[in-house]
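Results of the structural survey
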Amino acid sequence: MKDLVSFLVKSLVDHPEEVEVMALEGRKSVLVEVSVKKDDMGKVIGRKGRLIKAIRELSRAAGIKSRKKVIVELLPLEE
Amino acid sequence: MEEAKEKILQKLGMSEEEVEWEVVEEERRFLGLLGQKVKVRGRPKVGLHVVKAKSLLRDLLKLMKVEASINVANGNTIVIEGRDAGLLIGRRGLTLKALEEWVNMAISKEHYPKRVELDAGGYKEKRKKKLREVALKIARKVEEEGKAFTLEPMAAWERRVIHMTLKDHPRVYTISVGGEPYRRVVIAPK
């Protein structure tokens, strides 16, 4: 799940080398925290939140196979 | 020759029939005793934005552990088929919409200005057929009753199907009202 979210986000940002992904895997859910450069936040969120919504939807669909709920959080990278 | 083709296909991430071939130069070495050297040129039959989208989708489906094949149907449409295609459609096509949204933004970031359209498991094809039926049925009802009818909220491409189906209708016209994501088509008598 970590690799998936990382791929989805890196394909959208200007600084893919500065994307950090952390995942916490439980028995019934996965929490994925993605940090990107401040200037890249908008690229991942998209107009009216369309892209972050799409990323969450695709992660949710991927979680169905392993019967896990997927939570994706987006944060600005700490400078 | 086959070896050269294979190399090109790998680089493009495409299948044989998606590429147009041309032998650029043929050179026999020592009357063909040392074999032949052939230079082939492969040109994708589809736009480069479609090639890029396809390669992104292939990588994504692998990460999602989804078993499905990805093919270019015509022009800008990429069709996903296979055992897991249903997983990519989602409730009312929501997952498919997300996939389309993401892949189009990812290719536009690579400076391809054109968009691709996606279908999975024949979902859009079936939905289009259904929408055309609904449009004609409601048009008949509007004609009989002489009263406008508001359809349920639909995605932009779905509304377009309704508009296109009735654009030449002699006695009704269509118009969209409301804001996304609740925008609806109204069918009204002329």
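Definitions and limits used
- Residues numbered from 1 in each chain as written.
- Chains lettered and ligands numbered in written order.
- Predicted model: local features only at pLDDT ≥ 70, side-chain atom pairs only at ≥ 80, totals over all residues.
- Heavy atoms only, no water.
- Helix = DSSP H or I, 4+ residues; strand = E, 2+ residues; numbered from the N terminus.
- Rg over C-alpha atoms; globule rule 2.2 N^0.38 Å.
- Contact = heavy atoms within 4.5 Å.
- Areas by Shrake-Rupley, 256 points an atom, 1.4 Å probe, with all protein chains shown as cover.
- Lys, Arg positive; Asp, Glu negative; His and termini not counted.
- Charge placed at Lys NZ, Arg CZ, Asp CG, Glu CD.
- Core = buried A, V, L, I, M, F, W, Y, C linked by side-chain atoms within 4.5 Å.
- Buried < 20%, exposed > 50% of the residue type's maximum accessible area, 1.4 Å probe, protein only.
- Domains from an automatic or database assignment.
- Axes fitted to C-alpha atoms, helices over the stretch in contact; angles between N-to-C directions.
- Parallel < 35°, antiparallel > 145°, perpendicular 65-115°, else oblique.
- Left-handed = near helix turned anticlockwise from the far one by under 90°.
- Nonpolar A, V, L, I, M, F, W, Y, C, P; charged D, E, K, R; others polar.
- 1 Å grid on protein atoms, 1.4 Å probe; cavity = no way out; pocket = protein on both sides within 12 Å on 5 of 7 lines; lining within 4 Å.
- Points joined across faces, edges and corners; volume = space filled by probe spheres on them.
- Pairing = 2+ DSSP bridges.

Things to note about the overall build of chain A
Check the secondary structure of chain A and you find three helices and three strands. Along chain A, helices (α) and strands (β) appear in the sequence α-β-β-α-α-β when read from the amino end. Against the globule reference of 12 Å for 79 residues, chain A gives a C-alpha radius of gyration of 12 Å, in line with a compact fold. Along the first, second and third principal axes, the C-alpha atoms of chain A reach 35 × 25 × 15 Å. At a minimum sequence separation of 6, the contacts of chain A that also span at least 24 residues come to 61%. When the accessible surface of chain A is summed, it comes to about 4,800 Å², and 50% of that surface belongs to carbon and sulfur atoms. Put simply, chain A has 17 plus and 13 minus side-chain charges, and the middle of one group is 12 Å from the middle of the other.

Side note on the nonpolar core
Counting 73 residues, the largest nonpolar core has Val34 of chain A together with Trp102 of chain B as its most contacted members. The residues touching Trp102 of chain B, leaving out its near neighbours within four places in the chain, are Phe7, Leu8, Ser11, Leu12, Leu51 and Leu58 of chain A together with Leu56, Leu57 and Leu60 of chain B.

Remarks on the domain arrangement of chain B
For chain B, the assigned domains are domain 1 (2-44), domain 2 (48-121) and domain 3 (125-189). Each of domain 1 of chain B and domain 3 of chain B was reduced to a C-alpha centroid, and the two centroids are 51 Å apart.

Description of unusual backbone geometry
Phi is positive for Lys48 of chain A, which is not a glycine, with a value near 55°. By the element assignment, Lys48 of chain A lies in the loop between helix H2 (41-45) and helix H3 (50-65). By relative accessible area, which is 78% here, Lys48 of chain A ends up exposed. One non-glycine residue, Lys65 of chain B, lies in positive phi territory at about 55°. Along the chain, Lys65 of chain B falls in the loop between helix H2 (48-63) and strand E3 (69-74). Residue class for Lys65 of chain B comes out exposed when judged on its relative accessible area of 62%.

Some words on the packing of helix H1 (residues 2-10) of chain A against H2 of chain B
Following both chains from N to C, one finds H1 of chain A and H2 of chain B inclined at 160°, their axes separated by 9 Å at the closest point. What the angle tells us is that H1 of chain A and H2 of chain B run roughly antiparallel. The element H1 of chain A and its partner H2 of chain B pack so that their crossing is left-handed. In this structure, H1 of chain A contributes Asp3, Leu4, Phe7 and Leu8 of chain A to the contact, and H2 of chain B contributes Leu56, Asp59, Leu60 and Leu63 of chain B. The residue inventory of the contact of H1 of chain A with H2 of chain B, partitioned by class, reads six nonpolar, no polar and two charged.

Structural notes on the layout of surface pockets
Empty space left among the atoms is revealed by rolling a probe the size of a water molecule over them. Quantified by volume, the largest pocket comes out at close to 1,500 Å³. Lys97, Glu101, Ala155, Ala156 and Glu180 of chain B are, among the 40 residues lining the largest pocket, the residues nearest its centre. Those elements giving two or more residues to the lining of the largest pocket turn out to be H3 of chain A together with helix H4 (94-109), helix H5 (123-145) and helix H6 (156-166) of chain B. Here the lining of the largest pocket is composed, by residue class, of 17 nonpolar, four polar and 19 charged. Among the residues forming the lining of the second largest pocket, the class breakdown is six nonpolar, one polar and four charged.

Focus: the sheet that holds strand E7 (residues 172-177) of chain B
All names here are of chain B. Read across the sheet, three strands follow the order E6-E8-E7 without closing on themselves; strand pairing throughout is antiparallel. Looking at the sheet topology across the chains shown, the edges are occupied by strand E6 (149-150) and E7. Across six bridges, E7 lies against strand E8 (residues 184-189) in antiparallel orientation. The residue bridging Val177 from the neighbouring strand is Arg184, located in E8. Strands E6, E7 and E8 of the sheet are contacted by H5, whose axis makes an angle of about 40° with E8. Along the sheet, H6 makes contact with E7 and E8, crossing E7 at roughly 160°.

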